[in-house]
Amino acid sequence: MPSVAEPVIEPPPRVASTGFFAEGALGAVTYLPHTSKDANTGPELSLRIGRDVFSWFSLGLYAAASSHEATLPPPPTGQWFQLYRGGADGRLGGRIGAIAFFVEGGAGIAMISSNVLEKAMVTDPGEKYSITFHGGAGLEYQLENRHYAVGVGVDGFLVPQFATMKAIDSRLYLRYTYGGG
Amino acid sequence: MIRSAILLGILLAACANDPQYVDCGASDTMDACHLDSADAVMMGTGDNAFSAVLGSIHVPVKPETADLTKKRMALQATMPAGVDVPLYKVDQYDLSLEYTVKNLDDKPGTIKIGLNGANEMFTWDPSMIMPVGDESPPAPDLAGDVPIDIQANGEYDGLFREDQLLEAAIDLDQISRGNINMYRATLTVDKNADSFQPLSAQMPPPVGSNDPPMQTPMGSAVPRAAFRNFIRVDVVFKTESHMTIDFNLRVRPHVNDVIHDMGMNAPAGELTILDPAAYVPAYTP
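Keep in mind that what you see is a predicted model, and the values were worked out from it rather than measured.

S.K.: I would appreciate a short explanation of the overall build of chain A in the present structure.
M.R.: Summing up its helical and strand segments, chain A has zero helices and eight strands in all. Sequence-ordered secondary structure for chain A, helices as α and strands as β, is β-β-β-β-β-β-β-β. Its C-alpha radius of gyration of 21 Å places chain A more than 25% over the 16 Å reference for a compact globule of 181 residues. When each of the 181 residues of chain A is scored for burial, the buried share is 36%.

S.K.: Looking at this structure, how should I read the overall build of chain B?
M.R.: Looking only at helices and strands, chain B has four helices and 14 strands in total. A compact globule built from 285 residues should have a C-alpha radius of gyration of about 19 Å, and chain B, at 21 Å, falls within 12% of that. The principal-axis extents of the C-alpha atoms in chain B amount to approximately 80 × 60 × 40 Å. Split into buried and exposed, the 285 residues of chain B put 35% on the buried side.

S.K.: Honestly, the sheet that holds strand S2 (residues 42–54) of chain A in this entry has me stumped. Any pointers?
M.R.: Through backbone hydrogen bonds, the strands of a sheet pair up, either in parallel or in antiparallel fashion. Residue and element names in this part refer to chain A. Strands sit in the order S1-S2-S3-S4-S5-S6-S7-S8 around a closed barrel of eight strands; the barrel is antiparallel. Ignoring strand direction, the axes of neighbouring strands in this sheet form an average angle of 25 degrees. In this sheet, strand S5 (residues 99–112) lies alongside strand S4 (residues 80–96) in antiparallel orientation, the contact comprising 14 bridges. Opposite Tyr84, over in S5, you have Met111 as the bridge partner.

S.K.: So what exactly am I meant to see when it comes to the environment of Phe50(B) here?
M.R.: All names here are of chain B. The residue Phe50 is located in strand S4 (residues 50–58) in this model. When the C-alpha atoms of Phe50 and Leu271 are compared, they prove to be 34 Å apart, with 221 residues separating the residues in sequence. Aside from chain neighbours lying at most four places away, what touches Phe50 is Met43, Gly44 and Lys238.

S.K.: Just to check I follow, could you spell out the interface of chain A and chain B for this structure?
M.R.: Note: interface size is frequently given as the accessible area lost on complex formation between the parts. Contacts between chain A and chain B engage 22 residues on the former and 24 residues on the latter. Per-class residue counts for the side of chain A that touches chain B are 12 nonpolar, eight polar and two charged.

S.K.: Can you help me understand the nonpolar core in this one?
M.R.: For soluble globular proteins, nonpolar side chains are generally found buried alongside one another. Residue and element names in this part refer to chain B. Leu95, Leu97, Leu115 and Phe237 are the most contacted members of the largest nonpolar core, which totals 74 residues. The element best represented in this core is helix H3 (residues 162–178), accounting for seven residues. Excluding anything up to four places from it in sequence, Leu97 contacts Leu115, Phe160, Leu165, Val233, Phe247 and Leu249.

Cut-offs and rules
- Residues numbered from 1 in each chain as written.
- Chains lettered and ligands numbered in written order.
- Predicted model: local features only at pLDDT ≥ 70, side-chain atom pairs only at ≥ 80, totals over all residues.
- Helix = DSSP H or I, 4+ residues; strand = E, 2+ residues; numbered from the N terminus.
- Rg over C-alpha atoms; globule rule 2.2 N^0.38 Å.
- Buried ≥ 20, exposed ≤ 12 C-beta atoms within 10 Å, placed from the backbone.
- Pairing = 2+ DSSP bridges.
- Axes fitted to C-alpha atoms, helices over the stretch in contact; angles between N-to-C directions.
- Contact = placed C-beta atoms within 7 Å.
- Nonpolar A, V, L, I, M, F, W, Y, C, P; charged D, E, K, R; others polar.
- Core = buried A, V, L, I, M, F, W, Y, C linked by C-beta atoms within 7 Å.

Note that all results are geometric; they support no functional claim without further evidence.
As structure tokens, this is what we get:
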């Protein structure tokens, strides 16, 4: 009795939409020396909107807010401040099946909510704003619904006017892409 | 939904009214925010003499602008006769004072921290006031002066809250503008008062009597909108041990912002630095 080969059913390729997208993220911002002795790691919320110009390149706008406990020599004690960042960036990426990867970089503006770090000479008297630069990379997992993806991203950012403050921004995000392409 | 919640969280955080931290700065070198009990001097007189070290920090208030003058004049027009609207009012900013005490001795010690201050017209300095009565208690500090135990080589962080400094500022205004007895002013809670009634000056008892004459209401009541705020905060640090105290002010501006963003590091010409004379009541029972 000749055997009959079972038909092989290939899973459909994971499709990811491209086009306008929005990301919401939860994460943490950790300061690097020398600021790390004056401010603790703190929780972060961020939003990003953008457009995939090509399947491998996108442009975006971001806004992020993180909250930190000041740990400089007392007084003050137990005081918190917020760091707000906003700007634009570009992202280069590729995809292997359901996994996408990217590198990104950009610039923007940072605002600190309080002068609590003035005593540690992180900010100068009256200073609240600085330009900021960031760069990083991430991985993204495409869900079966082609509009949704989840990912992790890690960026380093530099705030030159705030005594060259350096920090790591790590986040988990959910992405929704409006386009159907 | 999630995105809306995130956006709301960011907006709420952005709307927070963070205090401005004010350390002693370059604009007034007489301010001292680090005190060492080794520098203590004798204050007061007689039985009320005590050893203490005094520090001060100014509130970094800006000179009045034309716009603020206009607003003050508009408010003045609503005031009862004889009530002056001050330049720096309690509704313009809140103050709190944060401090850290370090015990440098290898044995426990006790401290007392008295909080006083000055408004734009008067300084409150209890060491300048000598109550007449033999058994009269010393003139009170406006806040604090409570014993606090500190362990050997220990550190203690403390705070005079915004409501305590508000109460102290109102007490000073009541004492200096309203002739209200200093013990009564400091022992009653007036931080929520809508007004206070100035009284006639305290007078010594007439010959042949031990009781001073009753004080009677004098002039119009002073509405809260005209209450004077502190423009300088003074700290009296009392201890028998070797300790240090560091403190800073936290200022939270509200309406008609008069607080300089650069604090006491602002150029001196952009600040109003006042050191008014000490208030001494005509008679102190």
